[in-house]
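Summary of structural features
Here is what each chain is made of, one letter per residue.
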Amino acid sequence: MSQSSPQPERPSPGRPRDGRQDLRPDRPVGAPRDELTAASDAITAASDAVRVPGATQSPEAIRASDAEREAAVERLRIASVEGRLTFEELVERTEAACTAVTRGDLEHITADLPGMGAPGANPAPLQVKRKFSAFMGDCKERIVGRIDGPLEAISVMGDVELDLRGAQVPAGEVSVTAHAVMGDIKIIVPDGVRVEVTGHNFLGARKVAVRDPLPGARVPVVHVTAHAVMGDVKIVDDEHHAPIRRAIASWWRDRT
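These lines cover the structure that appears in this document, whether it is placed above or below. Fair warning: this is a prediction, and the values are worked out from it, not measured in the lab. (Residues numbered from 1 in each chain as written. Predicted model: local features only at pLDDT ≥ 70, side-chain atom pairs only at ≥ 80, totals over all residues. Heavy atoms only, no water.)

Some details on the side chain of aspartate 163
Condition: Counting from the N terminus, the helices are the DSSP runs of H or I reaching at least four residues and the strands are the DSSP runs of E reaching at least two. N or O atoms closer than or at 3.5 Å make up a polar contact, with two conditions inside protein: a donor-capable atom paired with an acceptor-capable one, and, for residues adjacent in sequence, both atoms drawn from side chains.
Turning to its location among the elements, aspartate 163 is positioned in strand S4 (residues 159–163). One polar contact links aspartate 163 to arginine 165, side chain to side chain, over a distance of 2.6 Å.

In structure tokens form, the structure reads like this:
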């Protein structure tokens, strides 16, 4: 009795053949669930990668706009009017606000200031003395009051040193007229301030040693009208004032 050769298995009409085994013959049929899980994880990761920037980011990661920088500068000016910031602090923070990259940077600059809707404070005490002079002597003044008008320095065979770093400057600018006759006048301004010098000299000198502010930055301004007759008028910022003393102090801080 002859035996018939085995016939190839035919797919049942009620169970369609799984075509994934033909596409990936190297993987077992039992793997689809793991593959689906891996694919789902990959899709989630890709979705996170293309998520719209800033949707759930903190202020530290959101870039600041020009309008926000201008608003921060105005807030600093108001704080200066109220006597909360010295001229030095105003210049320093204004420069930082103009170069801020993120909203977090701006919040850090104004973190210790009241909100814009807070009740206003009384203005800083007025700087009553406006004229500073030295005749065959020395005059050193550190301004700490509110400057709302021009200042004048006169040196005749003497030395005048006028320090503006601790002053309150509501208008964001200071005007100084300096007359040096066979004497010297030094005006100390904060780092980063813009200095504009006019006037004339005869057998004398007008010197400016300040760091240039950032181009386009709306920083406070010091206007100096300097007249030197066989004398010198110098405008220096904190960086160029007493550099040896600053270097020693920096070296000592690094050691401790």
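Examining the pairing of strand S9 (residues 221–229)
Residues in a regular strand point their side chains to alternate faces of the sheet. This is how the line gets drawn: For two strands to pair, DSSP has to find at least two bridges joining them.
Note: strand S5 (residues 173–181) against S9, nine bridges, orientation parallel. Counterpart to alanine 178 in the pairing with S9 is alanine 226.

Looking at the pattern of salt bridges
The condition that has to hold: Here a salt bridge means any side-chain nitrogen of Lys or Arg lying within 4 Å of a carboxyl oxygen belonging to Asp or Glu. Relative accessibility under 20% of the residue-type maximum defines a buried residue, over 50% an exposed one, and the middle range a partly exposed one, all with a 1.4 Å probe and only protein chains included.
Applying the stated criterion across every chain yields a total of nine salt bridges. For arginine 103, the salt bridge identified is with glutamate 68, shortest N-O distance 2.9 Å. Residue arginine 103 is located in helix H5 (residues 103–109), and its partner glutamate 68 is located in helix H3 (residues 66–81); the two are separated by 35 residues in the primary sequence. Where arginine 130 meets aspartate 148, a salt bridge forms, and the shortest distance between an N and an O atom there is 2.8 Å. Of this pair, arginine 130 sits in the loop between H5 and strand S1 (131–135) while aspartate 148 sits in the loop between strand S2 (138–142) and strand S3 (151–156), placing them 18 residues apart in sequence. Under the relative-accessibility criterion, aspartate 148 is labelled partly exposed at 48%. What you see here is one network of salt bridges that share partners, running through Arg142, Asp163 and Arg165.

Points about the packing of H3 against helix H4 (residues 87–98)
When two helices pack together, their arrangement is given by the angle between the helix axes and the distance between those axes. Our working definition: Only C-alpha atoms enter the line fits that serve as axes; for helices the fit covers just the stretch in contact. Angles between N-to-C directions range over 0 to 180 degrees. Angles are sorted into four bins: roughly parallel if under 35 degrees, roughly antiparallel if over 145, roughly perpendicular if 65 to 115, and oblique for all others. Here, residues are in contact when the closest pair of their heavy atoms is within 4.5 Å. Asp, Glu, Lys and Arg are counted as charged, while Ala, Val, Leu, Ile, Met, Phe, Trp, Tyr, Cys and Pro are counted as nonpolar; the rest, among them Gly, fall into the polar class.
Axis separation between H3 and H4 bottoms out at 9 Å; the angle between their running directions is 170 degrees. In terms of axis orientation, H3 runs roughly antiparallel to H4. Between H3 and H4, the residues in contact are Arg69, Ala72, Val73, Leu76, Arg77 and Ser80 and Leu90, Arg93, Thr94, Ala97 and Cys98, respectively. Residues that form the contact of H3 with H4 fall into these classes: six nonpolar, two polar and three charged.

So, the nonpolar core
Threshold: Put simply, buried Ala, Val, Leu, Ile, Met, Phe, Trp, Tyr and Cys residues joined by side-chain atoms within 4.5 Å make one nonpolar core.
Ranked by size, the top nonpolar core spans 30 residues in total, and within it Phe87, Leu164 and Val189 carry the most contacts. Listing elements by their share of this core, those giving two or more residues are H4, S1, S3, S4, S5, strand S6 (184–189), S9 and strand S10 (232–237). Not counting residues within four places of it along the chain, the set of residues in contact with leucine 164 comprises Phe87, Ile143, Ile147, Leu151, Val174, Val176, Ile187, Ile188, Val189 and Val222. Listed in part, the twelve residues of the second largest apolar core include Ala64, Ala72, Ala97 and Ile109.

Section: the sheet that holds S5
Strand order in the open sheet formed by five strands is S1-S3-S5-S9-S7, with parallel pairing between adjacent strands. With partners counted over all chains shown, the strands left at the sheet margins are S1 and strand S7 (194–202), one partner each. For this sheet the average axis-to-axis angle between neighbouring strands, irrespective of direction, equals 10 degrees.

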